[in-house]
Each structure stands twice: as structure tokens, then as C-alpha cells.
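Summary of the model geometry
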Amino acid sequence: PRYIFTKLMKQSRMIFPVEDDPLLEYRDDDGYVVEPLHYVPIIPMALVNGCDGIGTGWSTSIPMYNPLDLIEWIEDKIHKDGGGSGNGNGNGNGLQPWARGFTGSVSENPTKPGQYTSTGIITQKNSNTLEITELPIGRWTDDMKKVLSTLVSNNTIKGYREHHTEESVHFIVNMTRNKMMEISPHFEKVFKLEEKINTTNMHLFNAQGKRTVVCFGCLLGCF
């Protein structure tokens, strides 16, 4: 009763088309037909939203992916499996972890397939000032403040200021010229602006409640 202003957004029906409603199996609640046993989106929302946790003895760590990339990959695979000229190759090539609004970089480890590195943005403004304008995916400003406080205590930096907005990160870091020369060009490592993202521990439960490993080779079947 308290959710008096709750309303289904029209965008939801783009993910869960009304045309699919007759295909779903619905629950019976004391004679009333209520929600379906499973909602079936047209793209794998587990990959859009990401997932991190434990389910009945199995841990899972699923990063977020760009919905537009997923749509392109799925369409490509459909055309290929249907005998078309799609380039889908069943191994997830072209798909990499993503976060909305993230302006840093994400790169795959060339020697460890399935491992990516998310890197923030740090820029040298002058001989004693650095500017941090992006953090790795999953890193919060409070986490960054702990790193900076440690660097202050061990005399790596002199201090820092914060000028964040609701949508952007902005740290101004002050240090001596000698320290600047000492740590350059390893700013990302010194300020811990790199975060590993692994795609080798992606587990979900399927419609039968059984554990399944997320693999891009059978993406359409896993979900």
C-alpha cells in the first residue's frame, strides 16, 4: 500500500515485450492468475545489471555489459546460426565489461583471457599537481580517499582537495616536484587506479533452478 506512486516505465516493455506475455507460465494465487514464474527479457539482463554474490554454495561475479553491444552480438549470432552472414563466433569477442558514464578505459589482459583491467584517469597539471577525474569501475570516492590518506601519511603526497559533483569525480592532489618525478609515469599504480575484472566466475541459476555457467558460446540458451 505504501507504493502508491509506483508505475511500470514504458521502457520496461521494450525489454519484456507484451507480445511475449502469452508465452509465459503464470502463477496461481488462490484462484487468481498473478505474476509469471519467470520473466523473460529479450536481452540477458543479468549481463546488463551485473551480479556479485553467493548462491547455494557457488560464488558468482558477473560484470556489467553495454546493452547495445549485447544486442549487436545476439543479432549477429542469430544471423549466423540461422545460416546468415553474421560474424558472431560464439566466444564473446567484441564484448567487454562496461559501466554507464565511465570515462576511463577497460582492456583485456593479453596473457589471461577473461581478465580485464579497468583504469581511472589521472592527469599531471603541472610540476606539483595531479588531477584525478575518473576511478576504476566499482571504486568509490571513499575508497579513493583512504588511498590518498595513506599516501599523505607516508609522505608520497602533501595533500588533496575534493571538487566532486553528483555525476563526476574530481580530486586535486598536491605533491613535491621531487616526488612527482619519482613516481612518474606510474601514477595509475601508485594511486591504485587499476582494478581487475574477471569473467571466469560467472554462474547463474537457469529456469529449472540448476546452476549454469555463463558462456558467450551458448548465450541464447543460457538465459
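Let us look at the structure shown here. (Residues numbered from 1 in each chain as written. Predicted model: local features only at pLDDT ≥ 70, side-chain atom pairs only at ≥ 80, totals over all residues. Heavy atoms only, no water.)

Right, let's talk about the pattern of salt bridges for a bit. Summed over all chains, the structure comprises seven salt bridges. For the salt bridge of Arg27 with Glu35, the shortest nitrogen-to-oxygen distance reads 3.7 Å. Arg27 gets classed as partly exposed once you look at its relative accessible area, which sits at 37%. Residue class for Glu35 comes out partly exposed when judged on its relative accessible area of 39%. Between Glu162 and Lys145 there is a salt bridge; the shortest N-O distance is 3.7 Å. (Salt bridge = Lys/Arg side-chain N within 4 Å of Asp/Glu carboxyl O. Buried < 20%, exposed > 50% of the residue type's maximum accessible area, 1.4 Å probe, protein only.)

Now for the side chain of Glu134. The topology assignment puts Glu134 in strand S8 (residues 129-134). Among the polar contacts made by the side chain of Glu134, one reaches the main-chain amide nitrogen of Thr103 at a distance of 2.9 Å. If we skip the residues at most four places from it in the chain, Glu134 touches Gly101, Phe102, Thr103, Gly104, Gly120, Ile121 and Leu193. (Helix = DSSP H or I, 4+ residues; strand = E, 2+ residues; numbered from the N terminus. Polar contact = N/O pair within 3.5 Å; in protein donor to acceptor, adjacent residues only side chain to side chain. Contact = heavy atoms within 4.5 Å.)

Okay, helix H4 (residues 141-153) next. Over its 13 residues, H4 runs 18 Å from end to end, which matches the ideal 18 Å to within 8%, given 1.5 Å per residue. Within H4, burial applies to Met144, Val147, Leu148 and Leu151. End-on, the buried residues of H4 take up no more than an arc of 95°, which puts them together on one face. Turned more than 90 degrees off the buried face of H4, the exposed positions are Lys146 and Ser153. Buried residues belonging to H4 abut S8, strand S9 (159-162), strand S10 (171-174) and helix H6 (187-190). Positive backbone phi, at 65°, marks Asn155, one or two positions downstream of H4. (Expected span 1.5 Å × (residues − 1). Arc of directions from axis to C-beta.)

Interpretation in functional terms is not warranted from these geometric data alone.
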